[in-house]
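Reading the structure
One letter stands for each residue in the lines below.
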Amino acid sequence: MADNKEKHADADASGAALQAAMPVIAELLERGTRAFALGTWAEAIDSFGELAAVTEQTFGGGSQRYADCLVMYGRALLQHAMEQSALLAQRALADAATTTAGGSSSKSGGGGDKKKKEEEEELDAVEGAPAKRAKFSFEGEPDFRQVEGLGPGAEEEVGASGKAGEGASSKGKGKAVDEQQQQQSDEDEESDENEEEEEEEEEEDDFAAAWDVLDVARVIQAKATDRKSRLKYAETLMLLGDVSMESENFAQAATDFAQALEVKQQYLGNNNDDSRELAELYYKVALAHEYNRDTRRALELMADVERILGNCLASLEASADAKDREEAVALRDVLADVAEKVREWRAPPEPAGLGALS
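Residues numbered from 1 in each chain as written. Predicted model: local features only at pLDDT ≥ 70, side-chain atom pairs only at ≥ 80, totals over all residues. Heavy atoms only, no water.

Description of the overall build of the protein
The line we're drawing: Strands are runs of DSSP state E lasting at least two residues, helices are runs of H or I lasting at least four, and both sets are numbered from the N terminus onward. By the convention used here, residues are in contact when the closest approach between their heavy atoms is within 4.5 Å. Surface accessibility in these figures is a Shrake-Rupley result with a 1.4 Å probe; residues are shielded only by whichever protein chains are displayed.
The helix and strand inventory of the protein stands at 12 helices and 2 strands. Contacts in the protein between residues at least 24 apart in sequence constitute 64% of all its contacts with a sequence separation of at least 6. For the protein, the computed accessible surface area is about 22600 Å², with 51% contributed by carbon and sulfur atoms.

This is the structure we're talking about:
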């Protein structure tokens, strides 16, 4: 009798906890979904991370609901890491362009030093400021810092002394200015390098966090046997493959994509939508193999992509529906892109010349 009362009490407490948690779960889910749709990854990460924690406490660490929340959390982490990676790539290109432009300028400017000096002297004469002007430092963005000691008061003082006092004092100040600017430039360069290293570490942390979160979801989902859960499991494997591709772990990506393909082949049908989904996965596996320098296997998989999409195209062209004919036009373009990719992979790689290294 006492045991029955304890069971009823536990059930009542569990029901009350569930009832209290559900509004919180709904709010976090809505907030995270909205943030994800808007591309505000930091907010999405916070919301889905909290959602996963609440779901684990409410339903347990082995529940499929907890796995679903982990997938949403991991996907947000992946998107944030990809965005940061793209920003770093753009910055690297900008820095490379700036360095190249600076190098070209210094090479071509050797014979023009005299002319440049004359132009500076003419500018000084026009503005009534004989003092030598500070050079601009280009480290990424132009840095137009005013050099201490060369303000308007200093220019008036130098101007009052005339050309007689310009010689030694001008040289001394010019040297001091150059040394100060060189020191400032070195400090800025070191600061930029430290900032880039921190951003790269943050990017790697995001990819690693996404992998860890999604891998926990994969372990939980692998235990389920129903069709819906197995397809979710395949989607998680695809996300893990995406993380590996972004992390340049192409062998692992090929494995994850291949496992996802194997699962989906068991449950997807022969209709056009399912066939295109399989074709996409075949392409992902092929791409991973190509990046892993296994072109032979990549081309074998691309043949499957062309076969599946070719069957879809034949089905659409045989239809009398106007919408199907429109889709057929778009699918022909996709097939043309696939064929172009196949030709590109079959062509021998061009030797890297000196121009490619500059």
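Having seen the model, we can carry on.
What about helix α9 (residues 272–291)?
What counts here: One fewer than the residue count of a helix, multiplied by 1.5 Å, yields its expected span. Under the rule applied, a polar contact is a pair of N or O atoms within 3.5 Å (in protein, one hydrogen donor and one hydrogen acceptor; residues adjacent in sequence only if both atoms are side-chain atoms).
In a regular helix each residue adds 1.5 Å, so 20 residues correspond to 28 Å; α9 covers 28 Å between its end C-alpha atoms and thus fits that length. The distance from a side-chain oxygen at the start of α9 to the backbone nitrogen of aspartate 273 is 3.1 Å, and the residue carrying that oxygen is asparagine 271. Arginine 293 occupies a position one or two residues after α9 and carries a positive phi of about 65°.

Some points on the packing of helix α7 (residues 227–246) against helix α8 (residues 250–267)
We count it as follows: Note on geometry: axes are lines fitted to C-alpha atoms, helical ones only across the stretch in contact, with angles between N-to-C directions running from 0 to 180 degrees. For classification, angles of less than 35 degrees are called roughly parallel, those exceeding 145 degrees roughly antiparallel, those between 65 and 115 degrees roughly perpendicular, and all remaining angles oblique. Helix crossings are classified by the rotation of the near helix relative to the far one: an anticlockwise turn of less than a right angle makes the crossing left-handed, while a clockwise turn makes it right-handed. Under the convention adopted here, Pro, Cys and the residues Ala, Val, Leu, Ile, Met, Phe, Trp and Tyr are nonpolar, Asp, Glu, Lys and Arg are charged, and Gly plus all remaining residues are polar.
Where α7 meets α8, the axes come as close as 8 Å, and the angle between the chain directions of the two elements is 160°. Considered as vectors, α7 and α8 are oriented roughly antiparallel to each other. The way α7 lies across α8 gives a crossing that is left-handed. Residues that form the contact of α7 with α8 fall into these classes: 13 nonpolar, 4 polar and 6 charged.

Focus: the pattern of salt bridges
What counts, and what does not: Note on definitions: salt bridges are taken to be side-chain nitrogens of Lys or Arg within 4 Å of carboxyl oxygens of Asp or Glu. Here the term buried applies to any residue with accessible area under 20% of the maximum for its type, exposed to any over 50%, and partly exposed to those in between, with areas from a 1.4 Å probe on protein chains only.
Within the structure shown, the criterion is met by 14 salt bridges. In this structure, the salt-bridge partner of glutamate 277 is lysine 264, at a minimum N-O distance of 2.4 Å. Of this pair, glutamate 277 sits in helix α9 while lysine 264 is found in helix α8, placing the two residues 13 residues apart along the sequence. Judged by relative accessible area, glutamate 277 falls into the partly exposed class, the value being 26%. The partner of lysine 341 in a salt bridge is glutamate 344, with the nearest N and O atoms 4.0 Å apart. Of this pair, lysine 341 and glutamate 344 both sit in helix α11 (residues 322–346), separated by 3 residues, roughly a single helical turn. Residue classification places lysine 341 among the partly exposed residues on the basis of a relative accessible area of 24%. One network of salt bridges, in which partners are shared, links Glu235, Lys264 and Glu277.

Concerning the confidence of the model for the protein
Low pLDDT means the predicted coordinates in that region are not meant to be read closely. Note the following rule: A residue's pLDDT is the predictor's confidence in that residue, given on a scale from 0 to 100.
This prediction gives the protein a mean pLDDT of 78; 64% of its residues lie at or above 70. Note on residues 125–166: pLDDT is under 50 here. Beyond four places in sequence and across chains, it has 39 contacts.

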